[in-house]
Amino acid sequence: MAKVIVLGGGVAGMSAAHELIERGFEVEVYDRNTEYFGGKARSVKVPGTNITDPTKFLPGEHGFRFFPGFYKHITDTMKRIPYGAGKTCFDNLIATETVEIAQTARKPIIMPVNFPGNVKEIIEMVIAVIDAEKELTKEEIAFFTDRIWQLMTSCSERYIDQYEQIGWWEYLRADDFSEAYRTLLVEGLTRSLVAAKAQSASTRTVGSIFLQLIYGMINPSSHITDRVLNKPTNDAWLNPWLSYLISKGVKFHLGKKVTALHVSNNQISGAAIQTVNGSQAVQLITGDYYLLATPVEVAAQLINPDMLKVDASLQNIILLAPNVEWMNGIQFYLNQQFDMHKGHTIYANSNWALTSISQMQFWGDYDIQNRYDGTVKGVLSVDISDWTAPGNFNKKAAQDCTLDEVKEEVWKQLQQAINVDGIVLSDEMKRFVHLDADIEPMKSEPSPLMKTLLSSDEVDKLQTLSNKEPLLVNQVNTWTLRPNSFTQIANLYLASDYIKTNTDLATMEGANEAARRAVNNIIEASGSKAALCELWKFDEPLVLDVLKLNDQSRFKKGLSWSNPL
């Protein structure tokens, strides 16, 4: 039985372990987190909130979970994780109903996310469209529609050759139109899906994902444009997954980080592992195959000259590593259930690009009132996607704030957008706040001049924030830097969300697909007779195929896209 060492216990590492153990491989997983597996997908026990019962912590998150209908890889895995009698973790997904664009001093725009199934839903969709059109000119709507039609009828070759090289902001000519156009049509998607800035995000990536959401919405047979879990992530998915993998024979090691990969005879001879707290000496672990499933910024630190002698292309991982942004969560625990609407909210006028979802309306009978001090009844989970823009109120970038300043500014931005017709979200409702623990204070080094002008106490107070787990962003012209799951090092494979995949987005789906690709290569290299992992492409309406073929013909002749109709 071949042994595979999986370095990284996030979604990619756990997905790889799942596919490998079910195919008869021996698997060991090492992760630097000291308490949780699941990487950025994890939920956590919020420190200091188990005051009534040692086990009753409030649930916190790195960021809220989001399972669009076009996710196929991760949901296929969830269907193979047992959850109680006759159920799987896939059964814990619930479809949302609406998406809201909240605007300062304006009525929010609420739109159904699925194809209307009755007269009421049709009316709601028409009203939402009318509300949006009030803020946009006919020229803006026509131009945006034309641009989306261009993406719908473009061949795949044009996506890689042309749209990879242009930012979403530039493609939609955001500077040529109104603030409403930029807010509602250009920035809304990038801030709700990924931490990408519209000015630098690749049109290839953003456009592809946008079309998948559209296709899901207009498909009358589908009502799964957007799904969320029916309880905290660990409860609904990650803990049952971990238990299942352990029962199948996977060995997990927490609090162990990889510090080096050793090369001998053109292959990996061992991985150096050390405890995160440094309490134990470096340990050399060995296996037949090594699967690197760490984030890109961690993988980049491990690439060494000996590895580059065998596979020079691995240097691209180092070049790719700076293409990360921050997207981290903050949860507000409220003394009443705060339902808002049945889905995600985009805060159009938030400088910090906030998005949120009110959790308890999806969590059913989850025992939130038996946690903390017994007063919590609602959870407003928020993602902060722009940490460099000045705050709406304190005028400071989030990464330049203290932890308390971040909490205060986010709360004020939420109130600014929600309390349009009166006080809906009041200060009295707030019982506890949890900011993702990956965000930490980091002492900034003052300049010599600052040291002469400030007292020692003032110097000590200077700080900015650091982020232990940033998020890869598919920026313009980075596709060629992204590696495949295989390498020229005979027994080294890569599985993380920065790998070239059909998903093409730093998400749980992308991580799972990357893991499947790596496992397929291990299956082939080992000579195993096990079945290969299944891979999926994006679904697209068949009616567009003829139009794409027309564009493919034009592309091969060196011609630009032209409206086929």
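Preceding this paragraph is the structure being described.
Below: a short report on this structure.

## Points about the overall build of the protein chain
Alright, step 1. Helix and strand counts for the protein chain stand at 17 helices and 24 strands.
Alright, step 2. The C-alpha atoms of the protein chain give 24 Å as radius of gyration, which agrees with the globular expectation for 565 residues (24 Å, within 12%).
Alright, step 3. Its C-alpha atoms give the protein chain principal-axis dimensions of roughly 65 × 65 × 65 Å.
Alright, step 4. Buried residues in the protein chain amount to 55% of all 565 residues.
Alright, step 5. Intrachain contacts of the protein chain at a sequence separation of at least 6 include 69% that bridge at least 24 residues.
Alright, step 6. Total accessible area on the protein chain is roughly 24,100 Å²; 52% of this is exposed by carbon and sulfur atoms.
Alright, step 7. For the protein chain, the centre of its 54 positive side-chain charges and the centre of its 67 negative side-chain charges are spaced 3 Å apart.

## A few points about the pairing of strand β8 (residues 106-112)
If a strand is regular, its side chains alternate between the two faces of the sheet.
Alright, step 1. Both strand β7 (residues 98-103) and β8 contribute to a ladder of five bridges, which runs antiparallel. In the strand pairing of β8, Gln 103 is matched with Arg 106.
Alright, step 2. The hairpin turn running from β7 into β8, its antiparallel successor, is two residues long, and Ala 105 in that turn takes a positive phi close to 60°.

## Observations regarding the environment of Asp 497
Alright, step 1. Of note, Asp 497 is situated in the loop between β24 (492-494) and α16 (508-526).
Alright, step 2. Once the C-alpha coordinates of Asp 497 and Phe 555 are considered, the two residues, 58 residues apart in sequence, prove to be 30 Å apart.
Alright, step 3. Residue contacts for Asp 497: discarding those within four places in its chain leaves Leu 472, Arg 482, Leu 505, Ala 506, Thr 507, Gly 510 and Ala 511.

## A short note on the sheet that holds strand β18 (residues 354-358)
Alright, step 1. Taken in spatial order, the seven strands of this open sheet run β8-β7-β17-β18-β19-β16-β20, and their pairing is mixed. Whereas interior strands pair on both sides, the edge strands pair on one side only; in this sheet they are β8 and β20 (430-435). Between one strand axis and the next, the sheet turns through 20° on average, direction left out of account.
Alright, step 2. Two elements, β18 and strand β19 (residues 378-384), share five bridges in a ladder whose sense is antiparallel. Bridge assignment links Ser 356 to a residue of β19, and that residue is Val 382.
Alright, step 3. Across the sheet, helix α13 (residues 403-418) touches β7, β16 (328-334), β17 (343-347), β18, β19 and β20, and the angle it forms with β16 is around 70°.

## Describing the sheet that holds strand β11 (residues 256-264)
Adjacent strands of a sheet form backbone hydrogen bonds with each other and so pair up, either parallel or antiparallel.
Alright, step 1. Taken in spatial order, the three strands line up as β11-β12-β13 in an open sheet, and their pairing is antiparallel. At either margin of the open sheet sits one strand with a lone partner, and together these are β11 and β13 (283-285). Going across the sheet, the axis of each strand differs from the next one's by a mean of 30°, ignoring polarity.

## Focus on unusual backbone geometry
Peptide bonds are, in most cases, trans, and in most cases residues other than glycine have a negative phi.
Alright, step 1. You will see that Asn 266, though not glycine, has its phi angle at about 65°, which is positive.
Alright, step 2. In this fold, Asn 266 is placed in the loop between β11 and β12 (267-275).
Alright, step 3. Not every positive phi belongs to a glycine, and Tyr 372 is a case in point at roughly 55°.

## Observations regarding helix α9 (residues 233-248)
For an α-helix, the turn length of 3.6 residues means that residues three or four places apart are oriented alike.
Alright, step 1. Look at α9: 22 Å from first C-alpha to last across 16 residues, which is about the 22 Å you get at 1.5 Å a residue.
Alright, step 2. Bending of α9 peaks at approximately 25° at the position of Asn 239, with proline Pro 240 no more than four residues after it.
Alright, step 3. Of the positions making up α9, those classed as buried are Thr 233, Asn 234, Ala 236, Trp 237, Leu 238, Pro 240, Trp 241, Tyr 244 and Leu 245.
Alright, step 4. Count one or two residues on from α9 and you reach Gly 249, which has phi positive near 120°.

## Here we look at the pattern of salt bridges
Alright, step 1. Counted according to the given criterion, the structure contains 24 salt bridges.
Alright, step 2. Of the charged contacts in the structure, one is a salt bridge between Glu 19 and Arg 516, with a shortest N-O distance of 3.8 Å. Of this pair, Glu 19 sits in helix α1 (residues 11-21) while Arg 516 sits in helix α16; the two residues are 497 residues apart in sequence, bridging distant segments of the chain. The burial state of Glu 19 is the same as that of Arg 516; both residues are buried.
Alright, step 3. In this structure, the salt-bridge partner of Asp 438 is Arg 42, at a minimum N-O distance of 3.2 Å.

## What about the nonpolar core?
Generally speaking, a soluble globular protein has its nonpolar side chains buried in company with each other.
Alright, step 1. Residues Leu 20, Val 27, Phe 67, Trp 237, Leu 245 and Leu 291 are the most contacted members of the largest nonpolar core, which totals 47 residues.
Alright, step 2. Going through the elements one at a time, β1 (3-7), α1, β2 (26-30), α2 (73-78), α8 (203-218), α9, β14 (289-292) and α16 are the ones with two or more residues in this core.
Alright, step 3. For Trp 237, the residues in contact, after removing those within four places along its chain, are Val 11, Ala 41, Phe 67, Ile 74, Met 78, Ile 81, Cys 89 and Met 508.
Alright, step 4. Judged by nonpolar contacts, the second largest core, of 33 residues, contains Met 307, Leu 314, Met 327 and Ala 514.

## Notes on the environment of Pro 483
Alright, step 1. Here Pro 483 lies in the loop between β23 (471-472) and β24.
Alright, step 2. Looking at Pro 483, the relative accessible area reads 13%, which means it is buried.
Alright, step 3. The spatial distance from the C-alpha of Pro 483 to the C-alpha of Leu 320 is 9.6 Å, given a sequence separation of 163 residues.
Alright, step 4. Those residues in contact with Pro 483 that lie beyond four places of it in its chain are Ile 317, Leu 494, Tyr 498, Ile 499 and Lys 500.

Calculation criteria
- Residues numbered from 1 in each chain as written.
- Predicted model: local features only at pLDDT ≥ 70, side-chain atom pairs only at ≥ 80, totals over all residues.
- Heavy atoms only, no water.
- Helix = DSSP H or I, 4+ residues; strand = E, 2+ residues; numbered from the N terminus.
- Rg over C-alpha atoms; globule rule 2.2 N^0.38 Å.
- Buried < 20%, exposed > 50% of the residue type's maximum accessible area, 1.4 Å probe, protein only.
- Contact = heavy atoms within 4.5 Å.
- Areas by Shrake-Rupley, 256 points an atom, 1.4 Å probe, with all protein chains shown as cover.
- Lys, Arg positive; Asp, Glu negative; His and termini not counted.
- Charge placed at Lys NZ, Arg CZ, Asp CG, Glu CD.
- Pairing = 2+ DSSP bridges.
- Axes fitted to C-alpha atoms, helices over the stretch in contact; angles between N-to-C directions.
- Expected span 1.5 Å × (residues − 1).
- Bend = angle between axes of the 7 residues up to and from the residue.
- Salt bridge = Lys/Arg side-chain N within 4 Å of Asp/Glu carboxyl O.
- Core = buried A, V, L, I, M, F, W, Y, C linked by side-chain atoms within 4.5 Å.

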